[in-house]
Amino acid sequence: AGGIARVLAAGLDDTHPALARYLAMVRGMNEGDRLASYPGSPMIEAAFMRAGDRAAFCELLAGEADALRRLFRGDARVGVHCRDGFEALAALLPPPEKRGLALIDPPYEEQERDLERVAEALVAAAARWPQGALMAWYPIKLGAVAARLHRRIVDAGVKRVLVAELCVHPDDSRAGLNGSGLVTINPPWQFAEDLHQILPALLPVLAPEGGGRTRVALLAGE
């Protein structure tokens, strides 16, 4: 009720084509005004893949991996691997196509350790696959903790590092989850410009009482 339902009701379809496509996906999964579900990252990725594209989805939990297999049964473009995603990055990159996207979305059950693993994985993947687009989602519970993730990546010498954040509470709030961030290495053309349009439009909808913020920043250039 405090997230996707607000966005659907706000009529943001004209804000940006990417946001309009996402909202159309959500509406297509539901009947009328009854909101029962919305897509996770595997479904979003599969929806926008072309006929000749392929995806490898890695899930450590066997039950969740089985659910992914059932969801994409019959889609020859999609392979589901029941394995640790961090380990899979080393095994699957670089892809034969040389171009592509790797999205890291860990559970952050151990936030500090998972942030360290994300930084290590991004640095290693960037060295192994320098032309690939690499993205990692991270929770913002305290802004200083997220900043350490950024420093680890930049201090390792990685180039073209873009950070995008949206917080619905102040960074030092005790609300639990104050916001979300996405760090991208080798961001696609105009990706930052797209985020500069989308995030400010989302903020007043998701944080109507104020106190939140957005940020889009290039931490390291060429």
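For the structure, see preceding data.
To start, this report covers the structure provided alongside it.

So, about the pairing of strand β3 (residues 101-104). Where burial is concerned, the two faces of β3 differ: the one with Ala102 and Ile104 is buried and the one with Leu101 and Leu103 is not. Alignment of β3 against strand β4 (residues 133-140), held across 4 bridges, turns out to be parallel. Paired with Leu103 across the bridge in β4 is Met135. Traced from β3 through helix α6 (residues 111-128) to β4, the parallel crossover comes out right-handed.

All right, on to the sheet that holds β3 then. Taken in spatial order, the 5 strands line up as β3-β4-β6-β5-β7 in an open sheet, and their pairing is mixed. Strands with a single pairing partner mark the edges of an open sheet, and in this sheet they are β3 and β7 (213-220). On average, each strand axis in the sheet is inclined to that of its neighbour by 15 degrees, with strand direction left out of account. Contacts from α6 reach β3, β4 and β6 (179-185), with the element oriented near 170 degrees to β4.

Here we come to the pattern of salt bridges. Counted by the stated rule, this structure contains 12 salt bridges. Here Arg54 makes a salt bridge to Glu97, at a shortest N to O gap of 2.7 Å. In this pair, Arg54 sits in the loop between α3 (41-47) and β1 (55-58) while Glu97 sits in the loop between α5 (85-92) and β3, placing the two residues 43 residues apart along the sequence. Since its relative accessible area comes to 42%, Glu97 is described here as partly exposed. A salt bridge links Arg152 to Glu116; the nearest nitrogen and oxygen atoms lie 3.8 Å apart. Linking Arg152 in helix α7 (residues 143-155) with Glu116 in helix α6, this pair joins segments that are 36 residues apart in sequence. Taking the relative accessible area as the measure of exposure, Arg152 reaches 29% and is therefore partly exposed.

Across the junction of Leu93 and Pro94, the peptide omega takes the value -5 degrees, indicating a cis bond. With respect to the secondary-structure elements, Pro94 resides in the loop between α5 and β3. A positive phi is found at Lys98, a non-glycine position, where the angle reads about 75 degrees. Tracing the backbone shows Lys98 in the loop between α5 and β3. Residue classification places Lys98 among the partly exposed residues on the basis of a relative accessible area of 44%. Positive phi, close to 70 degrees, is recorded for Gln190, a residue that is not glycine.

The rules behind the values
- Residues numbered from 1 in each chain as written.
- Predicted model: local features only at pLDDT ≥ 70, side-chain atom pairs only at ≥ 80, totals over all residues.
- Heavy atoms only, no water.
- Buried < 20%, exposed > 50% of the residue type's maximum accessible area, 1.4 Å probe, protein only.
- Helix = DSSP H or I, 4+ residues; strand = E, 2+ residues; numbered from the N terminus.
- Pairing = 2+ DSSP bridges.
- Right-handed = clockwise from strand over helix to strand, strands pointing away.
- Axes fitted to C-alpha atoms, helices over the stretch in contact; angles between N-to-C directions.
- Contact = heavy atoms within 4.5 Å.
- Salt bridge = Lys/Arg side-chain N within 4 Å of Asp/Glu carboxyl O.

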